[in-house]
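The lines below spell out each chain.
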Amino acid sequence: MGKIVSNFFISLDGVVESPDQWHFPYFNDEMGAAIGAGVQNAAAFLMGRKLYEEWSAYWPTADADEDFAKFINNARKYVVSDTLEKADWNNTTIVSGDVTAKLRELKEQTDGDIQMSGSATTVRRLLADGLLDELNLLLHPIAVGRGRRLFEDTPTHPLKLVKSETFQTGVLNLTYVPAAG
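Residues numbered from 1 in each chain as written. Predicted model: local features only at pLDDT ≥ 70, side-chain atom pairs only at ≥ 80, totals over all residues. Heavy atoms only, no water.

## Side note on the overall build of the protein
The helix and strand tally for the protein stands at five helices and eight strands. Overall, the protein shows an N-to-C arrangement of helices and strands of β-α-β-α-α-β-β-α-β-α-β-β-β. Here the protein has a C-alpha radius of gyration of 16 Å; the compact-globule value for 181 residues is 16 Å, and the two agree. Looking at the protein as a whole, 41% of its 181 residues are labelled buried. Within the protein, residue pairs in contact and separated by at least 24 positions form 70% of the contacts whose partners lie at least 6 positions apart. (Helix = DSSP H or I, 4+ residues; strand = E, 2+ residues; numbered from the N terminus. Rg over C-alpha atoms; globule rule 2.2 N^0.38 Å. Buried < 20%, exposed > 50% of the residue type's maximum accessible area, 1.4 Å probe, protein only. Contact = heavy atoms within 4.5 Å.)

Right, dumping it as structure tokens:
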């Protein structure tokens, strides 16, 4: 049985929007290794519609020598959306309708991790539905001040820290799982 694993670049003030504007000064080999380890365990990739639209416009034409481009262009991809009508990106399936039931079925049929990067709205939905198995945060030592936050107007979700690591840049690599009720 697979598990759904979500990954975020996040600022000290909880911002996950537009990490391209604040994340790169903190990227180093340690972070690259942590991200690479997650990709190695991925059997599939899950995303929301907005991330799908951004990534499907960029990655298919990205440099094929880039490791992540090779991975994401060939990976099985699932897009959670009731509004997306067509998904032309290689190996992409739209998940709509009874998303909770379909994702439970997907987890049962998958051997390995179903990875996510970004898609804060989808992660909040997965937490509420009891479908998120692991939340990985690369917490950057910066207060961004504005932008979408990972948790906005959400119910309480107790989490348990199961792994932590500090990178030389001051970024914290944190892994959480849902806490037992």
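Moving on from the coordinates now.
## Observations regarding the sheet that holds strand β2 (residues 42–48)
An order of β4-β3-β2-β5-β1-β6-β8-β7 is seen for the eight strands of this open sheet, with the pairing classed as mixed. Looking at the sheet topology across the chains shown, the edges are occupied by β4 (92–95) and β7 (159–166). In this sheet, neighbouring strand axes are inclined to one another by 25° on average, regardless of whether the strands run parallel or antiparallel. Alignment of β2 against strand β3 (residues 77–80), held across four bridges, turns out to be parallel. Within β3, the position partnered with Leu46 by the bridge is Tyr78. Contacts from helix α2 (residues 49–58) reach β2, β3, β4 and β5 (113–117) within the one sheet, and its direction differs from that of β2 by about 110°. (Pairing = 2+ DSSP bridges. Axes fitted to C-alpha atoms, helices over the stretch in contact; angles between N-to-C directions.)

## What about α2?
Every buried residue of α2 is accounted for by Leu51, Tyr52 and Trp55. Down the axis of α2, the buried set is contained in an arc of 100°. They therefore lie on one face. Opposite its buried face, α2 presents the exposed residues Lys50, Glu54 and Ala57, each directed more than 90 degrees away. Of the surrounding secondary structure, the elements contacted by the buried residues of α2 are β2, α3 (67–74), β3, β4 and β5. (Arc of directions from axis to C-beta.)

## Looking at the nonpolar core
Nonpolar side chains in soluble globular proteins generally cluster together in the buried interior. In this structure, Ile4, Phe8, Leu46, Leu103, Leu126 and Leu150 are the most contacted members of the largest nonpolar core, which totals 25 residues. Going through the elements one at a time, β1 (3–11), β2, β3, α4 (99–109), β5, α5 (120–128) and β6 (132–140) are the ones with two or more residues in this core. For Leu126, the residues in contact, after removing those within four places along its chain, are Ile4, Leu46, Leu103, Met116, Leu131 and Leu132. Grouped together as the second largest cluster of nonpolar side chains are 16 residues, Leu51, Ala69, Phe71 and Ala75 included. (Core = buried A, V, L, I, M, F, W, Y, C linked by side-chain atoms within 4.5 Å.)

## Overview of the packing of aromatic side chains
Overall, the coordinates contain eight aromatic pairs when judged by the stated rule. Between Trp55 and Phe68, the ring centres sit 5.6 Å apart and the planes meet at 85°, which makes this aromatic pair edge-to-face. Note that Trp55 is positioned in helix α2 and Phe68 in helix α3, a separation of 13 residues in sequence. Since its relative accessible area comes to 22%, Phe68 is described here as partly exposed. Taken together through their ring pairs, the aromatic side chains of Phe45, Trp55, Tyr58, Trp59, Phe68 and Phe71 make up a single cluster. Residue placement shows Lys77 over the ring face of Trp89; its charged tip is 4.6 Å from the ring centre. (Phe/Tyr/Trp six-rings, centres within 6.5 Å; stacked < 30°, edge-to-face > 60°. Lys NZ or Arg CZ within 6 Å of the ring centre and 35° of its normal.)

## Describing the pattern of salt bridges
Enumeration over the complete set of coordinates arrives at five salt bridges. The salt bridge partner of Asp13 is Arg149, with a shortest N-O separation of 3.6 Å. One end of the pair, Asp13, is in the loop between β1 and α1 (29–40); the other, Arg149, is in the loop between β6 and β7, with 136 residues separating them in the sequence. Residue classification places Asp13 among the partly exposed positions, given a relative accessible area of 23%. We note a salt bridge from Lys107 to Asp133, for which the minimum N-O separation is 2.8 Å. (Salt bridge = Lys/Arg side-chain N within 4 Å of Asp/Glu carboxyl O.)

## What about the environment of Ala44?
With respect to the helices and strands, the residue Ala44 is situated in strand β2. Sequence separation of Ala44 and Leu127 is 83 residues, and the distance between their C-alpha atoms is 19 Å. Every residue in contact with Ala44, bar those within four places of it in the chain, is listed here: Arg76, Tyr78, Asp113, Ile114 and Gln115.

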